[in-house]
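# Coordinate analysis (summary)
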Amino acid sequence: MKKECENVTLYFYGELEAQEKALFQAHLPHCPLCQKELAFLAKTQEALVPPAAPPALVEAVLAQAKPVSFWRKFYKPALGLATAMAAGVCLLVLSPNKAQQSVTESANWLAYVSVEADEEYNSFLQEFETFENEF
Ligand SMILES: [Zn+2]
């Protein structure tokens, strides 16, 4: 066993100083002992990492953990309106040269998105009434 062999664990965990590391790397190809030790360390570390849970199981657990509440739908109308406003602002900011055209375009777009948001909001209202009636 050479002096470099003592550094195999430190090398594996990346704890060696640059100079020691270079010495060890020069030593490694010629030392079956260190090669074995490195392979063993790698296998051990692999075995210590817990295996990932199957995706289907994760999905199932998450589905049970999340209460399927009506509140999850609450944010949609607000999100729709916020998106529409942000998009309108973006359109105005991004095309300063075609300001007039942009205003028309974003107005059309806003109208379109508002209709979408209205539908979302109406379906939300219906669900809210259903929810209220349950109590
Ligand atoms: Zn060695």
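Relevant structure appears above.
Values in this document were obtained by computation on a predicted structure and should not be read as measured data.

### Side note on the coordination of the zinc ion
Expected angles at a metal are 109.5 degrees for tetrahedral coordination by four donors and either 90 or 180 degrees for octahedral coordination by six donors. Around the zinc ion, the protein contributes the donor atoms Cys5 (SG), His27 (NE2), Cys31 (SG) and Cys34 (SG), at 2.0 to 2.3 Å from the metal centre. Note that the zinc ion binds four donor atoms; their angles at the metal cover 104 to 113°, and the shape is tetrahedral. As a motif over one chain, the donors of the zinc ion read C-x21-H-x3-C-x2-C. Under the relative-accessibility criterion, Cys31 is labelled buried at 7%.

### Considering the side chain of Asn7
For Asn7, the location among the structural elements is in the segment before helix 1 (8–12). The exposure class of Asn7 is buried, given its relative accessible area of 14%. If we skip the residues at most four places from it in the chain, Asn7 touches Leu16, Glu20 and Phe24.

### Remarks on the packing of aromatic side chains
Inspection of every chain in the model, using the stated rule, returns four aromatic pairs. With a centroid separation of 5.9 Å and an interplanar angle of 35°, the aromatic rings of Tyr121 and Phe124 are classed as tilted. Of this pair, Tyr121 and Phe124 both sit in helix 6 (residues 99–133), three residues apart, which is roughly one turn of the helix. Residue Tyr121 is classed as partly exposed on the basis of its relative accessible area, which comes to 41%. A relative accessible area of 10% places Phe124 in the buried class. Measuring from ring centre to ring centre gives 6.1 Å for Phe124 and Phe128, while their planes differ by 35°; the resulting arrangement is tilted. Within this pair, Phe124 and its partner Phe128 are both found in helix 6, separated by four residues, close to a single helical turn.

### Quick notes on the nonpolar core
Counting eight residues, the largest nonpolar core consists of Cys5, Val8, Leu16, Phe24, Leu28, Cys31, Cys34 and Leu38. Here Leu16 is in contact with Asn7, Leu10, Tyr11, Lys21 and Phe24, once residues within four sequence places are set aside.

Criteria and cut-off values
- Residues numbered from 1 in each chain as written.
- Predicted model: local features only at pLDDT ≥ 70, side-chain atom pairs only at ≥ 80, totals over all residues.
- Heavy atoms only, no water.
- Donors = N, O, S within 2.8 Å, 3.2 Å for Na, K, Ca; no water.
- Tetrahedral: all angles 85-135°; square planar, octahedral: opposite > 155°, others 65-115°.
- Buried < 20%, exposed > 50% of the residue type's maximum accessible area, 1.4 Å probe, protein only.
- Helix = DSSP H or I, 4+ residues; strand = E, 2+ residues; numbered from the N terminus.
- Contact = heavy atoms within 4.5 Å.
- Phe/Tyr/Trp six-rings, centres within 6.5 Å; stacked < 30°, edge-to-face > 60°.
- Core = buried A, V, L, I, M, F, W, Y, C linked by side-chain atoms within 4.5 Å.

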